[in-house]
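Fold and geometry: a report
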Amino acid sequence: MKNSKQKPEVQSFGFLNFNIHLKQPIHKLKYHTSYIYCSTVLNDGRFATGSADNSIVIYNNKTFKPDLIIKEHNNYINCITTLSSGILASCSFDKTIKLFNIKENKYNILQTLNYHTGYVYKIIELKNKYLVSCSEDKSIIFYLKDNNEYKKDYQISTKDSCTCIKEIKENEICYSEYIGNFNNNNICFYNINERKIKSLISNISKADISPFIMISKELLFIPGENKISIININEYKLIREIEVPNSGWIYGACMINENIILTGNYKSKIREWRIEGDNLLLISKKENAHNGYINTLINMGNGYIASGSDDKSIKIMDYRADKPVISIIGHDAEVNSIDFNPENEFLYITGSGDKTIALWDLRKPNLKLYSFKHHKNSILNVKWNNRR
């Protein structure tokens, strides 16, 4: 939920798979009956989505119709991920983690892990093969595989709900603890080998949907409300909080190169920042890049960016110039997400509060190639399947 925008609590995730060798989109995906929370690509190239309708759908990557619909959870599917072994792992608001073996049009449950006593928000696989989950129950649990089964190795306690977790370097994770409100998060750094918190930084402003962004091997960038926090992960130190007065919650952010970051906020402004050592210096700002919240910023390469906004528009611009190259009213409601095709630089998709996903071609900027109209709620994120 975007704190200041009061969007739906459940995030809808639009997932489009498009074959660039064909002349049109392959299929409309319309097999869930509620919000789509998450997606993953299986090792065989098929992809899966998890939903608030308590189901996981496995799609055939040729027909784009369901090969399988899995209904083994009793509440929202909050996260699904494909493990290095090919196992599909899911976690849910029903407080469980389930591990599935998926073969062709059949599946079987390998294991159900029910160690949490609250909603399970996130599950990730670390490079050292630990499986890690975090929960509303103020805990993070580490699992190891033993005789083809994952077993709880150990558990650590958090001070409050833990909704975000990220592997930042070998044998080390960082996670956020929500302490009463979004302007009072603890960012904790935990060493797995030593099994202890190396450091904790408190009073960090971070919304539940705002990302951890590694802007270099050492610096962690956290967008918040009216400010940006920069943390050195080697020194475990908040090296700078940059006040951005009257900006509200900063949602869109992207790296241009190793020295330049762009951010977008709810006041239609795009700011350019230069990383100089431990500092982030404001270089320029576009005061009226849009006429509404800037929800997404994408680096297209060669100095060009794409942005989407509550003003219903999509803009393609050289971030160094004042005027956009392309400006389109692309939807009937806010544009929440943009993603470019990894194999064709001209094709991109957008997701909107008008419940549609649109397909575009930069060579025909004012022509919407296709509109997918089968979601029931706002689409907050879209992503190409770039795995062949």
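Owing to the predicted nature of the structure, the values given are computational and were not obtained by experimental measurement.

Here 4 strands make up an open sheet; going across it, the order is 26-27-28-29 and the pairing antiparallel. The sheet is open, and its two edges are formed by strand 26 (294–301) and strand 29 (326–329), each paired on a single side. Ignoring which end each strand starts from, the neighbouring axes of this sheet average 15 degrees apart.

Within the element layout of this structure, serine 352 appears in strand 31 (residues 347–352). On the accessibility criterion, serine 352 (0% relative accessible area) is buried.

We now examine the confidence of the model for the protein. Here the protein averages 79 in pLDDT, while 83% of its residues score no lower than 70. The low-confidence segment residues 1–28, where pLDDT is below 50, has 100 contacts with residues more than four positions distant or belonging to other chains.

Membership of the largest hydrophobic core comes to 16 residues, with the highest contact counts inside it found for Ile140, Phe142 and Tyr175. For this core, the elements supplying multiple residues, two or more each, are strand 11 (131–135), strand 12 (139–146), strand 13 (149–157), strand 14 (162–169), strand 15 (172–178) and strand 16 (185–191). Leaving out residues up to four positions away in the same chain, isoleucine 140 has contacts with Val132, Ser133, Cys134, Tyr154, Gln155, Ile156, Thr158, Cys162, Ile165 and Tyr175.

Applying the stated criterion across every chain yields a total of 15 aromatic pairs. Ring plane angle 90 degrees and centroid distance 6.4 Å describe the contact between tyrosine 119 and tyrosine 121, whose orientation is recorded as edge-to-face. For the pair tyrosine 348 and tryptophan 360, a centre-to-centre distance of 6.3 Å together with 15 degrees between the ring planes defines the contact as stacked. On the criterion of sequence distance, the pair formed by tyrosine 348 in strand 31 and tryptophan 360 in strand 32 (residues 357–361) is long-range, its members being 12 residues apart. Classification of tryptophan 360 by relative accessible area gives buried; the value is 1%. Among the aromatic residues, those joined into a ring-pair cluster are Tyr76, Phe93, Tyr119 and Tyr121.

Across all of its chains, the model carries 9 salt bridges by this definition. Arginine 46 is the partner of aspartate 67 in a salt bridge, and the nearest nitrogen-oxygen pair spans 2.9 Å. Residue aspartate 67 is found in strand 5 (residues 66–70), and its partner arginine 46 is found in the loop between strand 2 (36–41) and strand 3 (47–51); the two are separated by 21 residues along the sequence. Among the residues examined, aspartate 67 registers a relative accessible area of 19% and is labelled buried. Lysine 151 serves as the salt-bridge partner of aspartate 146, at 3.5 Å between the closest nitrogen and oxygen. The structure contains a network of salt bridges with shared partners spanning Asp44, Arg46 and Asp67.

On to unusual backbone geometry. A positive phi angle is found at arginine 195, which is not glycine, with a value near 55 degrees. For asparagine 203, which is not glycine, the phi dihedral falls at a positive 60 degrees. Residue placement: asparagine 203 occurs in strand 17 (residues 196–204).

Attention shifts here to the pairing of strand 24 (residues 270–276). Counting buried residues along strand 24, 5 of its 7 residues qualify, which places the element largely inside the surrounding structure. Alignment of strand 23 (residues 260–264) against strand 24, held across 5 bridges, turns out to be antiparallel. Bridge pairing links leucine 262 to glutamate 272 in strand 24.

Below, the discussion takes up the sheet that holds strand 32. Two modes of strand pairing occur in sheets, parallel and antiparallel, and in both the strands are linked by backbone hydrogen bonds. The sheet built from 4 strands is open, its strands ordered 30-31-32-33 with antiparallel pairing. The open sheet has two edge strands, strand 30 (335–340) and strand 33 (368–372), and neither has a second partner. For this sheet, the mean inter-axis angle between neighbouring strands, taken without regard to orientation, is 20 degrees. Looking at chain direction, strand 31 and strand 32 are connected through 5 bridges and run antiparallel. Directly across from leucine 347, in strand 32, lies its bridge partner aspartate 361.

Reading the values: rules and limits
- Residue indices begin from 1 for each chain and proceed along its sequence in written order.
- Thresholds applied to this predicted model are a pLDDT of at least 70 for local features of residues and 80 or more for the giving and counting of side-chain atom pairs; totals over whole chains, interfaces and linings are not thresholded and use all residues.
- Just so you know, side-chain values use all the structure's heavy atoms and leave hydrogens and water out.
- Any two strands with at least two DSSP-identified bridges between them are counted as paired.
- Think of it this way: any DSSP run of H or I at least four residues long counts as a helix, any run of E at least two long counts as a strand, and we number them from the N terminus.
- Axes here refer to lines fitted to C-alpha atoms; in helices the fit is confined to the stretch in contact. Angles between the N-to-C directions go from 0 to 180 degrees.
- Type-normalised accessible area, obtained with a 1.4 Å probe on protein chains alone, sets the label of each residue: buried when under 20%, exposed when over 50%, and partly exposed for intermediate values.
- Each residue carries a pLDDT score, the predictor's confidence in it, ranging from 0 to 100.
- Any two residues whose heavy atoms approach within 4.5 Å are treated as being in contact.
- Only buried residues count toward a nonpolar core. Its members are Ala, Val, Leu, Ile, Met, Phe, Trp, Tyr and Cys residues joined through side-chain atoms within 4.5 Å.
- Here the aromatic set is Phe, Tyr and Trp, taking the six-membered ring for Trp, and pairing holds for ring centres within 6.5 Å; pairs whose planes are under 30 degrees apart are stacked, those over 60 apart are edge-to-face, and all others are tilted.
- Salt bridge, as applied in this entry: a Lys or Arg side-chain nitrogen positioned within 4 Å of an Asp or Glu carboxyl oxygen.

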